[in-house]
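Spelled out from the first residue to the last, the chains are:
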Amino acid sequence: MIVAYVAAFIPALLMAITQPVWSRVDEAQHADFIIQLSHGVFPAADTTVVDPETLRVMVSTNVFRFDTPGAYPAPDLTDIGPPPVGMSVRANAAWMSRHLWQLSFESAQPPGYYVAMVPVWWAADKLGGTLAAVYVMRVVNALLIALLAPMAFVVATRLSPGRTEIAVLAALFAALLPGLALNGTRVSNDGLAAVLGGLTIVLAVRSVGLAWTWRRTVMVGLVLGAGLLVKLTLIGLLPALALAIMWPARDRSWPWRFVQAGTAAAVAVACLLLWFVINTHVYGVYVPSARTNRLSGMLPMPFQPAFVGFELAFFVISYWSGEPLGELPLAAPFVALSCLLSLIAVAGLVKLLRPLAVPAGPLVVAAAAVCGMAAASLLLPATAGFEFAGPGRYVYTALPAGAALFGLGIYAALARGFARRTLSGVYAAAAIGIVVAAALWPAPDPVPGPGAPPSDATLIDATGSGALQGVTITVDRIALDPARSATWFEVTITNSGPGEVEWSVTPISSTGGGTAHGDYMHSTHMPGDVDAGHSATGWLLMPMDPAKVRSAGIVRLRFPDVALDGYAVVEDVVVDVKVASAAA
């Protein structure tokens, strides 16, 4: 058990102290919730702006939002405030896509983790400042998620008593999970949620088939309730808990087991009453979903079958390698290896079912925990109009059960010990290698391009303009860059109106040969807002084949969501660019 904990803590600690600050998976806003509480403020997710402490670290790291730094216009730090009142749905999405980073939006979550961390943050901040406090919080999370490996050992022992190798395999797969090391150690509630969820699973699996006392029933309900006060997605563990309590046992009737299961669930949900009281004070409602659902930079979308495949792929990839995708080196081959091992493990579990070679109760409860958390992650997008895909990190809550099932499946599928040890060793070496490589050779910061066409590009005249209530966007020249299969557009935006205009800078282009999205990173870094009476000019890079541009003669550039009058007006500006000498 101690060996398992140390083996899990080392990679977690390595990721905690080496991954960049801020993690682009909303680490700044998670930390800001703690900072706000430490200053005596309970923030409202859709109105409270980030604390100056948080903002200072944002400025020093140049990380303001999920996108790669440099891939979007630099924020205007003189224009930080809550969203305008009375915006349309479209205007709200446009404002959030540009300004969401300004809000303390993680305060929409239950406050359990953040309240618990206030004393730690306060002490670390006083001793070393904000940045030191960030790293202290990361180390605390590393200490927490390392507990999942011993938990997996315990669950595996219950699934297959007497087979130490299975428990060791389970601990290995829980200890060496690069995605967990990356996402579980950033400042967020994921680490504590995973530990409380894992503890719920351990108690449920160890007690399945036994006569549940009222003391045990209430205790498990309180543990799960504490988890719900940290992260609501733990509701996915309720089916597993109910199965554990209702599993047939001597001297217990069905009505009695049903009452006990209901009691445990009621105790867990009752723990949320504190959160409901806080929400009523801050938002005026028990659950402020109507207000927090607007915290998205995308419009709600209808469900489409293609979304299922995309979400499943994102779920699997992000589970093994974490978010943002591509943050860890060699993530793609590691995910491929992990998926292969998963298929072997599933085949082994199916083999155990005919005939059943392990205790049925613990196996069913463990499987229900994994499936329940996977369902919670995959179904979550439906509650927000399919604006995002469910991440695999939500299933880390069920890692003790998942790793135990994984180890059991590998053991059952591979009869030869040499084959089991070889495959497990390859996985362990790959996982350790990825974490070490990420720590020693972190991904370099993105390098902006020249911001202008290269000397070997061909400049030709072009004409085109579009306007919206005093705002004019014109194109006077283009540069054909065949060596890079790109086309540059010289764009000027002029604001003759009475107020500031905000725009997306990079357009969406279309010709007879398809569409392309602008590349801000390598374009002139034009501002995302233009004051009244001002203009800005720059070269915008579009990944368009110059030959197709010349042959088309006309290229349509659509600048989405140009916003005027404090987002009272939000419309696209379309510029049809006529290319000179199109027939040349």
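In what follows, the structure referred to is the one given above.
The rules behind the values
In this numbering scheme, every chain counts its residues from 1 along its sequence in written order. For a predicted model such as this one, the threshold for reporting local features is a pLDDT of at least 70, and the threshold for listing and counting side-chain atom pairs is 80 or more; totals across whole chains, interfaces and linings nevertheless cover every residue. Side-chain calculation: all heavy atoms of the structure are included, whereas hydrogens and water are not. The secondary structure listing takes helices from DSSP runs of H or I that are at least 4 residues long and strands from runs of E that are at least 2 residues long, numbered from the N terminus. Here the term buried applies to any residue with accessible area under 20% of the maximum for its type, exposed to any over 50%, and partly exposed to those in between, with areas from a 1.4 Å probe on protein chains only. Here a polar contact is recorded for every N or O atom pair within 3.5 Å, except that within protein the pair must consist of a potential hydrogen donor and a potential acceptor, and residues adjacent in sequence are included only if both atoms are side-chain atoms. Every residue pair with non-hydrogen atoms within 4.5 Å of one another is taken to be in contact. A 1.4 Å probe that fits into a set of points on a 1 Å grid over the protein atoms alone but cannot get out defines a cavity; an open set with protein on both sides within 12 Å along at least five of seven lines defines a pocket, and lining residues are those with an atom within 4 Å of a point. Grid points are joined across faces, edges and corners, and a volume is the space filled by probe spheres set on the points. All residues other than Ala, Val, Leu, Ile, Met, Phe, Trp, Tyr, Cys, Pro, Asp, Glu, Lys and Arg, Gly among them, are scored as polar; the first ten of these are nonpolar and the last four charged. Patch membership requires over 30% relative accessible area and the absence of a salt bridge. Like charges are linked within 9 Å, and nonpolar side chains (Val, Leu, Ile, Met, Phe, Trp, Tyr) within 5 Å. Note on areas: these come from Shrake-Rupley sampling with a 1.4 Å probe, and a residue is covered only by the protein chains present in the view. Salt bridge, as used here: a side-chain nitrogen of Lys or Arg that lies within 4 Å of a carboxyl oxygen of Asp or Glu.

S.K.: Would you take a moment to explain the side chain of Thr 397 for this structure?
M.R.: Among the secondary structure elements, Thr 397 is positioned in the loop between helix H18 (360-379) and helix H19 (399-413). For Thr 397, a relative accessible area of 4% corresponds to the buried category. Within the structure, Thr 397 has its side chain in polar contact with the backbone oxygen of Tyr 394 (distance 3.4 Å). When residues no more than four places from it in sequence are discounted, the contact partners of Thr 397 are Ala 193, Ala 194, Gly 197, Gly 198, Ile 201, Leu 234, Leu 237 and Met 373.

S.K.: Any chance you could explain empty space enclosed by the protein here in plain terms?
M.R.: Unfilled space is identified by rolling a water-sized probe across the atoms. Applying the stated criterion across every chain yields a total of one cavity of 30 Å³ or more. Taken as a whole, the largest cavity spans an internal volume of roughly 50 Å³. Lining the largest cavity are Ala 8, Pro 11, Ala 12, Ile 145, Ala 146, Ala 174, Ala 175, Leu 177, Leu 180 and Ala 181. Of all elements in the fold, only helix H1 (2-18), helix H8 (164-175) and helix H9 (178-183) reach the threshold of two or more residues within the lining of the largest cavity. Per element, the largest residue contribution to the lining of the largest cavity is three residues, and it comes from H1. When grouped by side-chain class, the residues that make up the lining of the largest cavity number 10 nonpolar, no polar and no charged.

S.K.: What am I meant to see in a nonpolar patch on the surface here?
M.R.: Nonpolar side chains collect at one region of the surface, where Trp 214, Trp 256, Phe 258 and Val 259 lie side by side and expose about 420 Å² of accessible area between them. No other element matches helix H13 (residues 254-270), which puts three residues into the nonpolar patch. Counting through the fold element by element, Trp 214 comes out in helix H11 (residues 214-228).

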